[in-house]
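The chain contents come next:
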Amino acid sequence: MFKKILTGVLMTSLVLSTVACGSGGGSVPDGSSADKAAKTDYPTKAITMIVPYGAGGTTDLVGRQFAQALSKELGQSIVVENQAGASGSVGCQATLDAGNDGYTVLFAAESLGTQRVMGISEMSYADFSPIALVANDPKVIVVAGNSKYNTIEDLLSDIKANPGTIQMAYTGPGGSGHVQALIMNKYGYEPALTAYSSGSDGIVAVMGGQVEFTNSNYSTVKSYIESGDLKMLAVCATERMEQYPDVSALSEVMEGAEDYLSIPYTPLSLLVKNDVPEEVQEVLRSAAEKAEQNEDFKKFMDDNNIDKLYETYKTVEDMNKFYSAWESKVSWMLFDAGAATNSPEDYGIAKP
Amino acid sequence: MSILGVLAYCVNIRFIILTFLGSLAGMFVGAIPGLSVSMATALLVSITYTWSTEDAMGTIMGVYVVGVFSGALSAILVNIPGAPSSVVTTMDGHPLAKRGKAFKALKYATVYSFIGSVFGLAALAILAKPITALALKFQPMDYFLLALFGLATVGSLTSKSFSKGLIAALIGIFFSLIGLDSVVGSPRLTFGIQGLKSGIATVPALVGLFGFAEVLCTVSDGYAEGEVTKLEKMVVKTGEVLKEFWHSLYYCVIGTFVGALPGAGGPVAAFLAYSEAKRIVKNPSVPFGEGAVEGIAASESANNACIGGALIPMLTLAIPGDAVTAIIMSVFYIHGLQPGPNFLKTSGEAFNAILAGGFLGCIFLLVLGTLLTPVVSKVISVPKKILLPVVTVLCVVGAYACNTRMFDVGLMFFFGILGYFLRTRGYSVAPITLGLVLGGMMDTNFRRAVSLASTAENPVIALFGRPITIVLTVITFITIISNIPAVKSLRVKKVRSVDLEPVKAESAI
Amino acid sequence: MDGHKKKTLSNPEIQDGIVVLLLGVALLIYSLFKHYTARVQTEWKMSPYLFPVLISVFAILLAFSLFADGRRVMAPEEKKKDSGSLINFKRVVIVALMAVVYEILMNVTGYIPATVVFLMAMIRFFGEKRWWMIVVIAVATSLIIYLLFGILLNVRFP
């Protein structure tokens, strides 16, 4: 009998242990008061940059390059931390949980704009203040090197002839690949979708003949196109790429889609939480502006054909305008296609 | 790759010193429960990004090679594997250490880790292209079946009863389901708890199931106060150790190939090699599971051969084979290198540096292993009353450090207490770890396979119709059926003389 | 005490089997419920609950396999646990509770004080009598771990 009671106690402590840390694991405000006094001499120690995706992805790559350039301007090292998981919401949450002192910054991709409607988290761009809107990695449509499709017209006409059977690899609902598949649906093309956990997994699926095609970030597939393992059929944009004048832009073959294809699909930006003092944000912003002009960084961007969004969106107002326009366009598209859990209306996101 | 290019690094003093420092660091992080090699490499990424690519590669390869090995140290000495791939080493290593033969166990671990690492790296140097081509042939259904096969094997290896082994694996898979679903992104089994959204992290679970549960089990076994395991003074001849050499080559092949399949990695390789060892080694020194050195040889050569294997898809397909290679890949990108089909052609220098760093790491592994094992094996003679509290604190800190979340500490305790209950009822915790590690991969690949097959004209043929799939399905079925008690007793009647089953439930980890 | 039924229920295999069966059924119901009540309807082939359903079916099968095991080894093995086991079990509970208190304490007082107190309590509990020894080990271990993790590995402690 006594043993049963003891078992009960042990079980309770088992539950308690999880609950205790659930409540205690929240935000621990560290040193926020100390920093009020030291507003001008920020930064005095290393800064942590959280990348909410795994190492090696486009967000990680650009983030690390930018961190390098930024740390030169700030005179402090920047430690990049990958906190992947849950469509980027883990890393974003970690940034919100960190102190208000500006020593934790976030290098986020687009998922902040769709997390609420996709029912992943309650966070959005509004919870953060933009420091810099850095880059957009263009999306391209690729097939295997030995594929029977040689042009985007071949592929699209086959999809049209066999709706729901031509397999396409994408990175899961709400991601940029999904958004593009929805655009294709809108114009009467219906590929069969199979989800892969990362862009590179999708590429392997294309090369291994599991699926017919995928749309991928250009920087990820660049070397495969050069080696002939993959064929690039189209650029998901309104303009062709400089390096590949023979490859069509998707808007040329899907008439009327210009409006949707002109959106940057993976806008990458440097953010801090809203509570970070304005002075600190200004220090970061002016350093970011200089870092954008860093020769090594520019060369990296050019080599990988990444759009330099910072050239277009310079002020905080511009960036915020960009985020709300992006959020509204993509959220409504997901919702109208029946892919979103929550209505954008619930969050006051206006129709585009 | 050119042999001269590799050799050039091996005589470069600066490169050697950096690799050595990396190896020392690897020894340290690998051996401390809760500190993982991936954590150390992640840290190195931020330290080395201003260095030259070659220097960074040397250091990181040192950490990687020696770190994977030194996971065996804590596995053998305190029954806490430093990483999932060392889980198998606990099965024979710890019983051996308990009998005072820690030194012997460590010697085997050192030698076979060395052999495994060298073999894997050699395969990387020579066979990268054909192995890539083979790995590309593996489709989602094959990955699913491979994981299922791995779990069935583990279930049959670790418990007295097959159903208990499978149930343990199932518990692991169950925990892997928690969190945001990797495909659709909707929360699954989180019951509204924010901390569960990112899923159950492997390190806290591992540390809890092995480390904290071990503390609780020792307490409940009613150890005598001040009890000390005596360390037996012994000389282990290298010639004797090398008896398993020819078998180990077979384990190395398993290790390299499984390592090259993204997502499967070290733990699967070690388990498969171990089950093969059980099959091919007819007369082990003592029965498997009670301290058979043959088991240590199998697990250590296979998990270290995985290093070379895991680097193959990372270099040729930009798909990392495991967590560590994922981080190494980001180092590449930082240094402007593009892993992918052209890598071996265009970045020969970096490839040479990787191989040189790897081979030097192997040498340091052997040196450090030989020099340090007599010292670290003394850990086992630390009185329990001091060892247990310190191990508990290490468990807490390790669980916390991997993601700096207090929530993970709670998870660690949860798994510790769960592990304690399961162990007292004759369940082994090793399959839980493996289930947890493989669950996510099984889930996504199964759904992918179904999704891909659903558009085919004949879904069943699309699912099972290819040669690799047929082979995997057949061997999985054979493993399961041959372990069903009724079938098993039939077979045992036939071969009465050989009884390989572990006698006591406790000896199953 | 009377009859077959009591004996069946005290059989550990059968007990475990019941737990596994309940878990399996619960997971099955949970998955089916979640799948059909999800706000966004997905097809089964893409559903996050496809795999859990498969797992729950396995669990139910394994529960029956455990029942079968239980019936086969009905002849109960003699209990290994003697009278000492209750005291030991009490110790397990105390250690587990101490660890949980340690965790809560760490949130309140920070890492170092919590660890020192915890180590002292636990070493004392395990039977070390010399106080100076307890203090030295507790302080030294906490500091060494703090230095290794906090300074060398850049871990931010609470």
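Residues numbered from 1 in each chain as written. Chains lettered and ligands numbered in written order. Predicted model: local features only at pLDDT ≥ 70, side-chain atom pairs only at ≥ 80, totals over all residues.

## Section: the overall build of chain C
Just so we agree on the cut-off: Helix numbering and strand numbering both begin at the N terminus, where a helix is a DSSP run of H or I of at least 4 residues and a strand a DSSP run of E of at least 2. Labels follow a simple rule on C-beta atoms placed from the backbone: if 20 or more others lie within 10 Å of a residue's own, it is buried; if 12 or fewer, it is exposed; otherwise it is partly exposed. Think of it this way: build a C-beta for each residue from its backbone, and any pair within 7 Å is a contact.
Looking only at helices and strands, one finds six helices and zero strands in chain C. Going through the 158 residues of chain C one by one, you find that 30% of them count as buried. The contacts of chain C with a sequence gap of at least 6 include a subset with a gap of at least 24, amounting to 57%.

## Structural notes on the domain arrangement of chain A
Residue and element names in this part refer to chain A. Using the following cut-off: Domain boundaries shown here were taken from an automatic or database domain assignment. Note that Gly is not counted as nonpolar here; it falls among the polar residues with everything else outside the nonpolar set of Ala, Val, Leu, Ile, Met, Phe, Trp, Tyr, Cys and Pro and the charged set of Asp, Glu, Lys and Arg.
Split into domains, chain A comes out as domain 1 (45-137 + 266-347) and domain 2 (139-261). In this structure, domain 1 and domain 2 have C-alpha centres spaced 26 Å apart. Facing the 17 residues of domain 1 at the interface are 16 residues of domain 2. Mapped by element, the contributors of at least two residues to the side of domain 1 that touches domain 2 are α3 (58-74) and α13 (316-336). A total of three residues in the side of domain 1 that touches domain 2 trace back to one element, the largest contributor, which is α13. Residues that form the side of domain 1 that touches domain 2 fall into these classes: eight nonpolar, seven polar and two charged.

## A look at the confidence of the model for chain C
When pLDDT is low, close inspection of the predicted coordinates is not appropriate. Residue and element names in this part refer to chain C. Put simply, the rule is: Confidence of the predictor at the level of single residues is captured by pLDDT, which takes values from 0 to 100.
Summing up the model confidence of chain C, the mean pLDDT is 79 and the portion of residues at 70 or higher is 79%. Of all the helices and strands in chain C, helix α1 (residues 3-10) carries the lowest mean pLDDT, 59, while helix α5 (residues 111-125) carries the highest, 88. For residues 75-83, every residue scores under 50 in pLDDT, and the model assigns this stretch zero contacts once sequence neighbours within four places are set aside. Confidence estimates for the predicted assembly give a pTM of 0.80 and an ipTM of 0.87.

## Regarding helix α8 (residues 162-177) of chain B
Owing to its 3.6 residues per turn, the α-helix brings residues three or four apart onto one side. All names here are of chain B. Worth spelling out the cut-off: One less than the number of residues in a helix, times 1.5 Å, gives the span that helix is expected to have.
Between the first and last C-alpha of α8 there are 23 Å, a value that for 16 residues agrees with the 22 Å anticipated at 1.5 Å per step. By the criterion of burial, α8 is predominantly enclosed, with 16 of the 16 residues buried. Where α8 ends, the next residue or the one after it, Gly-179, has phi of about 115°, a positive value.

## A short note on the pairing of strand β11 (residues 267-273) of chain A
Residue and element names in this part refer to chain A. Just so we agree on the cut-off: At least two DSSP bridges between two strands are needed for those strands to be called paired.
With respect to burial, β11 is a largely interior element, six of its seven residues being buried. Pairing of strand β3 (residues 104-108) with β11, which is carried by three bridges, proceeds in the antiparallel orientation. Paired with Phe-107 across the strands is Leu-270, a residue of β11. Judged from the seven bridges that link them, strand β4 (residues 128-136) and β11 form a sheet pairing that is antiparallel. Along β11, the bridge assignment pairs Phe-128 with Lys-273.

## Considerations on the sheet that holds strand β8 (residues 213-217) of chain A
Residue and element names in this part refer to chain A. Put simply, the rule is: With axes taken as lines fitted to C-alpha atoms, and helix axes fitted only over the stretch in contact, angles between N-to-C directions fall between 0 and 180 degrees.
Taking strand neighbours across the sheet as the criterion, the six strands line up as β7-β6-β8-β5-β9-β10 in an open arrangement whose pairing is mixed. Of all the strands in the sheet, just β7 (192-195) and β10 (248-249) have a single pairing partner and so form its edges. Along the sheet face, helix α8 (residues 218-227) touches β5 (139-144), β8 and β9 (230-235) and points at about 115° away from the line of β8.

## A look at the pairing of β7(A)
Consecutive side chains of a regular strand alternate in pointing toward one face of the sheet and then the other. All names here are of chain A. Both faces of β7 are covered, namely the face carrying Ala-192 and Thr-194 and the face carrying Leu-193 and Ala-195. Here strand β6 (residues 167-170) runs beside β7; their pairing, made up of four bridges, is parallel. Opposite Met-168, over in β7, you have Leu-193 as the bridge partner.

## Section: the confidence of the model for chain A
On average, residues of chain A carry a pLDDT of 79, and 86% of them reach 70 or more. Here residues 15-38 of chain A is a poorly scored stretch, pLDDT under 50, and it has 40 contacts once near neighbours within four places are set aside; other chains count.

## Points about the environment of Val63(B)
If you trace the backbone, Val63(B) turns up in helix α4 (residues 53-78). In sequence terms Val63(B) and Ile480(B) are 417 residues apart; their C-alpha atoms lie 38 Å from each other.

## Section: the packing of α4(B) against helix α13 (residues 293-317) of chain B
Angle between the axes and distance between the axes: these two values describe a pair of packed helices. All names here are of chain B. Cut-off, in case you're wondering: In this scheme, roughly parallel covers angles under 35 degrees and roughly antiparallel covers those over 145, while 65 to 115 is roughly perpendicular and the rest are oblique. For a crossing to be left-handed, the near helix must be turned anticlockwise from the far one by less than a right angle; the clockwise case is right-handed.
Contact pair α4 / α13: the axes reach a minimum separation of 10 Å and the direction vectors enclose 160°. Taken together, the axis directions place α4 and α13 in an arrangement best described as roughly antiparallel. Viewed along their axes, α4 and α13 form a crossing whose handedness is right-handed. Together, Tyr-64, Val-65, Val-68, Phe-69 and Ala-72 of α4 and Glu-300, Asn-303, Asn-304 and Ile-307 of α13 make up the contact between the two elements. Looking at the contact of α4 with α13 residue by residue, the class counts come to six nonpolar, two polar and one charged.

## Considerations on the sheet that holds strand β1 (residues 47-51) of chain A
Residues and elements named next belong to chain A. Spatially, the six strands line up as an open sheet ordered β2-β1-β3-β11-β4-β12, and their pairing is mixed. Strand pairing shows two members of the sheet lacking a second neighbour, β2 (78-82) and β12 (307-308), which therefore form its edges. The sheet contacts of helix α11 (residues 278-292) involve β4 and β11, and relative to β4 the element is tilted by about 10°.

## Overview of the packing of α4(B) against helix α6 (residues 102-137) of chain B
Residues and elements named next belong to chain B. Viewed as axis vectors pointing N to C, α4 and α6 meet at an angle of 160°, and their least axial separation amounts to 10 Å. In terms of axis orientation, α4 runs roughly antiparallel to α6. For the pair α4 and α6, the sense of crossing is right-handed. Of the residues in α6, those in contact with Val-65, Phe-69, Ala-72, Leu-73, Ile-76 and Leu-77 of α4 are Ala-102, Ala-105, Leu-106, Ala-109, Ser-113 and Ser-117.

## What to know about unusual backbone geometry
Unlike most non-glycine residues, Asn79(B) shows phi in positive territory, near 65°. Mapping Asn79(B) onto the fold places it in the loop between α4 and α5 (87-98).

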